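Spelled out, the chains give:
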Amino acid sequence: MEASEHTLQNEAATQSFSQRLLHASYHKAAEFKRHVPSTELIQLLDKATAMLKQEPTLLELTMEADCRVLMVGDTHGQLHDVVHMMELMGPPSQNQMYIFNGDFVDRGAWGVELLALLLSLKLEHRARVHLLRGNHEGSTCTRFYGFKGELDAKYGGPESRAVYAAYKRVFAVLPLAALVHGKTLILHGGLFRYVAPPEPKEQQQGRGKAGSKAKRRRVAAADPLAPLLIGNLSVLRGASKGGVDPDGRGSSAVAADVLWSDPVMDLGLRENELRGVGLTFGPDITQAFLEANDLRLILRSHEGPDARDRREDLPQVLQGYALDHDTPAGRLMTVFSAPDYPQFMSSHETRYNNKGAVAVLSGPTWHEPHMVSFEAARPRPEATAFYEYETYPDTDDELMAEEL
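Criteria and thresholds
- Residues numbered from 1 in each chain as written.
- Predicted model: local features only at pLDDT ≥ 70, side-chain atom pairs only at ≥ 80, totals over all residues.
- Heavy atoms only, no water.
- Core = buried A, V, L, I, M, F, W, Y, C linked by side-chain atoms within 4.5 Å.
- Buried < 20%, exposed > 50% of the residue type's maximum accessible area, 1.4 Å probe, protein only.
- Contact = heavy atoms within 4.5 Å.
- pLDDT = per-residue confidence, 0-100.
- Pairing = 2+ DSSP bridges.
- Helix = DSSP H or I, 4+ residues; strand = E, 2+ residues; numbered from the N terminus.
- Axes fitted to C-alpha atoms, helices over the stretch in contact; angles between N-to-C directions.
- Arc of directions from axis to C-beta.
- Salt bridge = Lys/Arg side-chain N within 4 Å of Asp/Glu carboxyl O.
- Phe/Tyr/Trp six-rings, centres within 6.5 Å; stacked < 30°, edge-to-face > 60°.
- Lys NZ or Arg CZ within 6 Å of the ring centre and 35° of its normal.
- Parallel < 35°, antiparallel > 145°, perpendicular 65-115°, else oblique.
- Left-handed = near helix turned anticlockwise from the far one by under 90°.

Novice: Mind showing me how you'd approach the nonpolar core here?
Specialist: Side chains that are nonpolar tend, in soluble globular proteins, to be buried together. Ranked by size, the top nonpolar core spans 50 residues in total, and within it Leu-41, Leu-45, Met-85, Phe-100, Leu-119, Leu-131 and Tyr-167 carry the most contacts. Sequence-distant contacts of Leu-45, defined by excluding residues within four places in its chain, comprise Leu-119, Val-163, Ala-166, Tyr-167 and Val-170. In terms of nonpolar packing, the next biggest core, distinct from the first, is built from 33 residues, Val-235, Ala-239, Leu-259 and Trp-260 among them.

Following this line, the structure appears as structure tokens:
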């Protein structure tokens, strides 16, 4: 009885917090801290950081036969669409697991509320809610695509800096990928390069302070002179989560690939010259990766209708998903869960009016997704953009090319 009462109290507290977040989204940004004080938000973020820090880079998930897995793609601060989606699909429960595949913040007006909501759900449903990192969960993108500006507008001054620092601590410990029943791999951007494993402990002994430091890290780092080869699940298991801002250098190479890579229809594996970070990989690479790791399906996100509008080789995601690679070994699909995206567009651009989608995995196979498309929640509350969407480059690849 005491355990049940404790659970009910926790659920009531989470519900109250989510209601305050939703209520705050209908008010001006400057009023947000009246609804959610910075001290309360930082406390939640620090609790989530402590929990996420314990999780590995690759989550290896198994669940009961009657439990289904809902994979959610990019949500980009579109709080009300996520709430609407969860009303349609149902809450996390013993029979339903959520995996949110990154890009929770930037572009949309309610990234603060959205990520806080998901983290509160994670704290309440540790085994049934999983958050993976996207390329926007870092300091570079959030400085330019709205999240830092959103925090400045909602808290301002020292409070904003403190909350931003707490969010960045969360970013740095988010897992990079999830493996569902050994058959489906979920990750934000795409496949990643092979890096040699760290040296065995015995080879690091007797090196003094430098050797001791390397022993503590024991994470694989990319050799810039090594040939470019596709990685495997063992590489992913041993990879660093990338730190605050994975840039592809040193031990962040695998993390940067996972967050930034893109599938293409050209055969082979190459550096991603368009984005300036990550890789591009063709269907032959997807097939080889699936076969080598005994997988049947890869689910990724990372590209919305604006990104696909500039590509001729892969299909659009106007229903919230696309089949990118269909190989004898299995498939690679893109899932995008922010409908009517982006929230803010230049006056001369035509809106995509895209739907969002959720990929539903269930037993016994766990690699045959049922796609559920959904419309945007309307009307959206009035909001102001927190980045210069009219004049600033609207693609992440342009930003990263400038930064690097």
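Novice: Help me understand the confidence of the model for the chain, please; the structure alone is not making it clear to me.
Specialist: Confidence in the prediction of the chain, expressed as mean pLDDT, is 91, and 87% of residues score 70 or more. In this model residues 1-5 is a low-confidence stretch, pLDDT under 50, and it forms 0 contacts with partners more than four residues away in sequence or in other chains. Note on residues 208-217: pLDDT under 50 across the span, and 3 contacts to partners over four residues away in sequence or across chains.

Novice: Got a minute to help me understand the sheet that holds strand E3 (residues 96-100) in this structure?
Specialist: The strands making up a sheet associate through hydrogen bonds between their backbones, and the pairing can be parallel or antiparallel. Pairing is mixed in the open sheet, where 5 strands are placed in the order E4-E3-E2-E13-E14. If you trace the sheet from one side to the other, it starts and ends with strand E4 (129-131) and strand E14 (370-374), each paired once. In this sheet, neighbouring strand axes are inclined to one another by 20° on average, regardless of whether the strands run parallel or antiparallel. Bridge count between strand E13 (residues 356-361) and E14: 5 bridges; the pairing is antiparallel. Within E14, the residue paired with Gly-356 across the bridge is Phe-374. Against the sheet, helix H5 (residues 111-124) contacts E3 and E4, and its axis sits at roughly 135° relative to E4.

Novice: Where do I start with helix H13 (residues 283-292) in this structure?
Specialist: The periodicity of an α-helix, 3.6 residues per turn, causes residues three or four positions apart to be oriented the same way. Residues Pro-283, Ile-285, Thr-286, Phe-289 and Leu-290 constitute the buried set of H13. End-on, the buried residues of H13 take up no more than an arc of 160°, which puts them together on one face. Residues of H13 that are exposed and angled more than 90 degrees away from the buried face: Glu-291 and Ala-292. Remark: Asp-294 follows H13 within two positions and exhibits a positive phi of approximately 55°.

Novice: When you look at the pattern of salt bridges in this model, what are you seeing that I'm missing?
Specialist: Think of it this way: side chains of opposite charge can pair up when their charged atoms draw near. Taken as a whole and judged by the stated rule, the model has 25 salt bridges. Here Glu-303 ties to Arg-308 by a salt bridge, and the two come within 2.9 Å at their closest N and O atoms. Arg-308 carries the same exposure label as Glu-303, and that label is buried. Within this structure, Asp-262, Arg-275, Arg-300, Glu-303, Arg-308, Arg-311, Asp-313 and Asp-324 form a network of salt bridges that share partners.

Novice: Which parts of the structure should I look at to understand the sheet that holds strand E10 (residues 297-300)?
Specialist: Reading across from one edge, E1-E5-E6-E10-E12-E11 is the order of the 6 strands in this open sheet, with mixed pairing throughout. The sheet terminates laterally at strand E1 (58-61) and strand E11 (321-327), the two strands that pair on one side only. Neighbour to neighbour, the strand axes of the sheet diverge by 15° on average, direction disregarded. Both strand E5 (residues 177-180) and strand E6 (residues 184-187) contribute to a ladder of 4 bridges, which runs antiparallel. Note on E6: the bridge partner recorded for Ala-177 is Leu-187. Together, E6, E10, E11 and strand E12 (330-335) form the strand contacts of H13, whose direction differs from that of E11 by roughly 75°.

Novice: Even after reading the chapter, I still don't get the packing of aromatic side chains, so can you show me in this structure?
Specialist: This model, assessed by the stated rule, comprises 9 aromatic pairs. Clustering of aromatic rings is evident, with ring pairs tying together Tyr-145, Phe-344, Tyr-387 and Tyr-389. Sitting over the ring of Phe-32, Lys-154 keeps its end group 5.4 Å from the ring centre.

Novice: Just checking my understanding: could you explain unusual backbone geometry for this structure?
Specialist: In terms of backbone geometry, most residues other than glycine have negative phi values and most peptide bonds are trans. With omega at -10°, the peptide bond leading from Tyr-341 into Pro-342 counts as cis. In this structure, Pro-342 sits in the loop between E12 and E13. Residue Pro-364 follows Gly-363 across a cis peptide bond; omega there is 10°. Despite not being glycine, Asp-106 has its phi angle at roughly 80°, a positive value. Along the chain, Asp-106 falls in the loop between E3 and H5. Looking at Asp-106, the relative accessible area reads 0%, which means it is buried. Look at Trp-366: it is not a glycine, yet its phi comes out positive at around 65°. Checked against the element boundaries, Trp-366 lands in the loop between E13 and E14.

Novice: Looking at this structure, how should I read the packing of helix H3 (residues 38-53) against helix H8 (residues 157-173)?
Specialist: What describes two packed helices is the angle between their axes and the distance between those same axes. Two elements in contact, H3 and H8, have axes separated by 9 Å at closest approach and are oriented at 15°. Judged by the angle between their axes, H3 and H8 are roughly parallel. When you trace H3 past H8, the crossing you get is left-handed. Contacts between H3 and H8 involve Ser-38, Leu-41, Ile-42, Leu-45, Asp-46, Thr-49, Leu-52 and Lys-53 from the first element and Glu-159, Ala-162, Val-163, Ala-166, Tyr-167, Arg-169, Val-170 and Val-173 from the second.

Novice: Looking at this model, I keep getting lost on the pairing of E13. Mind explaining?
Specialist: When a strand is regular, its side chains alternate between the sheet's two faces. Counting buried residues in E13 gives 6 out of 6 residues, a clear majority hidden from the surface. Of the two faces of E13, the one carrying Gly-356, Val-358 and Val-360 and the one carrying Ala-357, Ala-359 and Leu-361 are both buried.

Novice: Please explain the environment of His-23 as it appears in this structure.
Specialist: Relative to the helices and strands, His-23 resides in helix H1 (residues 2-24). In this structure His-23 comes out as partly exposed when scored by relative accessible area, which is 44%. Linking His-23 and His-35, residues 12 residues apart in sequence, is a C-alpha distance of 8.1 Å.

Novice: Please explain helix H7 (residues 147-154) as it appears in this structure.
Specialist: Of the residues making up H7, those classed as buried are Phe-147, Glu-150, Leu-151 and Lys-154. Buried residues of H7, seen end-on, are gathered within an arc of 100° and therefore sit on one face of the element. Where H7 is buried, its residues contact helix H2 (32-35), H5, helix H6 (139-144) and H8.

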